[in-house]
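Here is what each chain is made of, one letter per residue.
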Amino acid sequence: MEEIEKYEDILLSLLDYELRNSDGELPYVNDIQSGSFLKLLRTSKCEEIYSRYANISSTDDPLDAVFENSVKSYVDLNCSNPKEQMEVMCMGIASLHAFVQSNWTGPPLETSDGSSVLPWFQSWYDRHNLRQRELEEEITTCLLLDGESCCSVMKHSELLLLARVCLRVCRDTMSTLPSSQWWLLRCLFIHQQVLDEFSPTLHAVITTLLQDLATCEPLMSREHNQICFHLEAAQIHLYYRHVTKSNEHWKMALKAANMDIELTGALGKRTKFQVKELAQLTVKVSVAENGRITNFPTVQSEHFPKDLRLDDEVRLNKIKFSNDADGEFPILQPLEQAVVLSTFVQTQKSQPKDKLADEELMPYLTCLLSNPLVWSLQLSALLQRCRLEGHHSRTVERAMMQTEELVHCIDKEKPNARTRHHYIFCSHLPPRWKVETELANLLISIGVVKSALDIFLRLELWEQVISCYNLLQLRHKAAEVIQQELNKKESVKLWCLLGDATDDPSCYEKAWELSGHKSGRAQRHWAHYYFNKKQYAESIPHLRESLAINSLQVSLWFRLGYAALDQEDWALCATAYQRYCSLDPESFEAWNNLSKAYVKLNQKFRAWMTLQESLKWNYENWRVWDNYMVVSTDVGKFNEVIQAYNRILDLKEKHVDTEVLKILVDSICMSESPGDIKKKAEQLFTRLTQQVRSNTALWQMFVKLMLSHTDSETLETMEKTISYLQKAFWSAIQDSHFERDTKECLDTMKITSQLMDATLLCCEKCTRPEKAVQMLASAKLCLQTLIARIKKFYPNILSAEESQNTEMSSQLQDLNTKLQEIVSVLQQKKGSL
């Protein structure tokens, strides 16, 4: 069994180990290790495994079931020990590697006149009188999942089908080979990446495999396997937008590799004419020496993807540090470089997309590119750099030329396939057609639309073709091109795209009928047609139908939620945004809209919890904080109310929400033991009143808050009360026309009455006559000012006819009485001086 474990490790990593296959018992392992994938797949043994027991006498059996039955039968009859089982698994692994070579890494597989690269596969099918076109349609049908088809320019799709069939049988029947689960995981993730959208079926199986492998002791007990697994798991979770889970696996890989990676600063120059050295970012990598893999095969540097220099009149090719050691990095082993790449991707995903974030990300790539060891990691790092540089005017040209170089290097004959496939499954490298798509997008960004159009036409990316023709103001050409393709062969995708190009919804109906009512794409395009026209009610049925077929269409859940929100279907809105947030938790708009749906459904606590998630992804949006403050008020979370209010004041110059503040103050006043919340509220009011000095209600609430749960008869408290009431008074009468509003006038009179009462009470306790005289004189001035203004606006207010009929006249009489009392006490205090 120890020998079998070593063989499994060789297959998983393609690395050199001490074990050699000198007795010839397992030559297939050597074929895979050397990158001779097609050599193995063209053997009679491979033909026997896949086709000897195949039977297609029943035309109802799908092609994958036919091959699966053959592999199962072979295993049952011929595989009585682990070595024989491994021979079968080698066929599946070789099929997967050959497919990856054809569609990811290159060099191109040998083909003749467009037929299959496996002669036995083609001849076997020819014996059953099936034509090439029928064969391709059969394979396409087998690879279609949840209504989502594979990329039309994918090459040698039969290899993916064979790999999936064989590795699934191995996983189900070969418990002695735990790595069979890992290979099936790799195969299914490759399948997912060639589909148009996420597949719920694949997602469920992949999730289960990840959980099983994480606890698989025979594999995870070996450090190299453990690091590789966590890197691959992090990549898969990130692909499905499970950022938190991805981050957990990345941290475990970092720990298992005994690495420490951190950004640091150092003085240096980044432009040719820079005189003063400034702090520049670099990355510091430290690695423990114990257990490092050192037997990685060397590759001649000329066979690596070429790293083009930045030829700019201002910017240097790379930062020139004052201390040369700051720009140098330790010699990292290949697996350690994979960890650095994973760190880059995790950091990129957890930061906002802006220029500052790009500056923090570039040092990771500089570290990777300083000492290339792995072909796939070098290609991936250069591609990631192109993505960063494509947004900046001084680097976009290098990004375009570099991406073009990457496309060309995939087609080169050297290095060999084995070299290209080292760590390919944790390299974050996309299929080659996506690399070409990025090249086309860069061409568009610099205005070379025609060249980009040629690429899109070759890749049959009809959505982008339509976009290019729109940029060229030749929209009619898009419809012509798609109609020409339809004339060759009808497909659901082409009918949908013709509808997009012509704005004809009948095309989507034809696509739906052509699919036998099974295409999520047809319903998706149909829904987009109405949604883009803001006909949200009409779009909802099509959105729901498409999501019923494929529930992992992330953007469609968002659109369904928005359409339901517009139509005020709050239950549907909540359901849609719930699903969207579970698939893509980084959208603060989705969390915010979900909280609104919960509020409308009177589920305010859930709305409060949801807004907390929204704040995680946009901490700088005051409107989200305002929503959070209001909902926190509704659920009685007053500590959170105060925190949210303070955060709003950090983001805005002024913000007064009297309704929220009134509820906050009333709650504190009614509470038997408010604790620290009263102190925090007073600090909030102090901050507010420093910014907004002319809001009467604010000062009144401040007085009420200050007097609650306090001995209001202490001299200090009374002095503060008088100060705040005076500010409330002057802010109330600063409006030259406040008398016109009877309610506002009465409120001002009540404030003034409170001020007089507080002043008289304070003067009784004040031991300093001069201070009492000052307070009384100020109160007298306030009272005389108010009475004079009211009498001027209402000259007959105290006449016999009106004095008995209005509340205002009664209040004014009380103020006159208080004025007399103030004057009397003032005279007494002056006499005692």
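For clarity, every value in this text was computed on a predicted model and none was experimentally measured.

### Focus: the overall build of the chain
Part 1 of the argument: Regarding its fold elements, the chain presents 41 helices and three strands.
Part 2 of the argument: The C-alpha atoms of the chain give a radius of gyration of 37 Å, which is well past the 28 Å a tight globule of 833 residues would have.
Part 3 of the argument: Dimensions along the principal axes, computed over C-alpha positions, put the chain at roughly 120 × 65 × 60 Å.
Part 4 of the argument: Out of the 833 residues in the chain, the part that is buried amounts to 53%.

### Some remarks on helix 30 (residues 588-600)
Part 1 of the argument: With 13 residues, helix 30 ought to run about 18 Å at 1.5 Å a step, and its terminal C-alpha atoms sit 19 Å apart, in line with that.
Part 2 of the argument: Taken residue by residue, helix 30 has Phe588, Ala590, Trp591, Asn592, Asn593, Leu594, Ser595, Ala597 and Tyr598 as its buried positions.
Part 3 of the argument: Buried residues in helix 30 make contact with helix 28 (554-566), helix 29 (570-583), helix 31 (604-617) and helix 32 (622-634).
Part 4 of the argument: With its phi angle positive at about 60 degrees, Asn602 sits one or two positions after the end of helix 30.

### Quick word on the pairing of strand 2 (residues 278-287)
Part 1 of the argument: Relative to strand 2, strand 1 (residues 259-271) runs antiparallel, the two sharing 10 bridges. In the strand pairing of strand 2, Met259 is matched with Val287.
Part 2 of the argument: Taken together, strand 1 and the strand that follows it, strand 2, pair antiparallel across an intervening segment of six residues.

### Focus on the confidence of the model for the chain
Low pLDDT marks stretches whose predicted atomic positions should not be read closely.
Part 1 of the argument: A residue-level look at the chain finds 92% of positions with pLDDT of 70 or above and a mean pLDDT of 86.
Part 2 of the argument: Across the chain, the element-wise mean pLDDT spans from 50 in helix 40 (residues 800-803) up to 96 in helix 10 (residues 179-193).
Part 3 of the argument: Low pLDDT, under 50, characterises residues 18-24; the stretch is placed with eight contacts to residues that sit more than four places away or in other chains.

### So, the packing of aromatic side chains
Part 1 of the argument: Overall, the coordinates contain 23 aromatic pairs when judged by the stated rule.
Part 2 of the argument: Seen in terms of ring centroids, Trp120 and Phe121 are 5.9 Å apart; in terms of plane orientation they differ by 75 degrees. Their pairing is edge-to-face. You'll find Trp120 and Phe121 in the same group, each marked buried.
Part 3 of the argument: Seen from their ring centres, Tyr508 and Tyr529 are 6.0 Å apart, and the 55 degrees between their planes marks the pair as tilted. Taken together, the residues span a long stretch of sequence, with Tyr508 in helix 25 (residues 505-514) and Tyr529 in helix 26 (residues 520-532) at a distance of 21 residues.
Part 4 of the argument: Within the aromatic cluster, the residues linked to one another by ring pairs are Phe605, Trp608, Tyr619, Trp625 and Tyr628.
Part 5 of the argument: Arg186 extends its terminal NZ or CZ atom over the ring of Trp183, reaching a point 4.6 Å from the ring centre.

### Overview of empty space enclosed by the protein
Part 1 of the argument: All told, the structure shown has five cavities of 30 Å³ or more when counted by the stated rule.
Part 2 of the argument: In this structure, the largest cavity encloses a volume near 110 Å³.
Part 3 of the argument: The wall of the largest cavity is formed by 18 residues, among which Leu12, Ser13, Arg186, Tyr423 and Phe425 lie closest to the centre.
Part 4 of the argument: Where the lining of the largest cavity is concerned, the elements lending two or more residues are helix 1 (2-13), helix 10 and helix 13 (223-239).

### Focus: unusual backbone geometry
Part 1 of the argument: That bond from Gly106 to Pro107 is cis: its omega, -10 degrees, falls within 30 degrees of zero.
Part 2 of the argument: With respect to the helices and strands, the residue Pro107 is situated in the loop between helix 6 (82-105) and helix 7 (119-126).
Part 3 of the argument: Cis rather than trans, the peptide bond between Lys414 and Pro415 has omega equal to 0 degrees.
Part 4 of the argument: As for its placement among the helices and strands, Pro415 is situated in the loop between helix 18 (396-411) and helix 19 (417-421).
Part 5 of the argument: With a phi angle near 55 degrees, Asn258 is a residue other than glycine that sits in the positive phi range.
Part 6 of the argument: Along the chain, the position of Asn258 falls in the loop between helix 14 (243-256) and strand 1.

Reading the values: rules and limits
Residues numbered from 1 in each chain as written. Predicted model: local features only at pLDDT ≥ 70, side-chain atom pairs only at ≥ 80, totals over all residues. Heavy atoms only, no water. Helix = DSSP H or I, 4+ residues; strand = E, 2+ residues; numbered from the N terminus. Rg over C-alpha atoms; globule rule 2.2 N^0.38 Å. Buried < 20%, exposed > 50% of the residue type's maximum accessible area, 1.4 Å probe, protein only. Expected span 1.5 Å × (residues − 1). Contact = heavy atoms within 4.5 Å. Pairing = 2+ DSSP bridges. pLDDT = per-residue confidence, 0-100. Phe/Tyr/Trp six-rings, centres within 6.5 Å; stacked < 30°, edge-to-face > 60°. Lys NZ or Arg CZ within 6 Å of the ring centre and 35° of its normal. 1 Å grid on protein atoms, 1.4 Å probe; cavity = no way out; pocket = protein on both sides within 12 Å on 5 of 7 lines; lining within 4 Å. Points joined across faces, edges and corners; volume = space filled by probe spheres on them.

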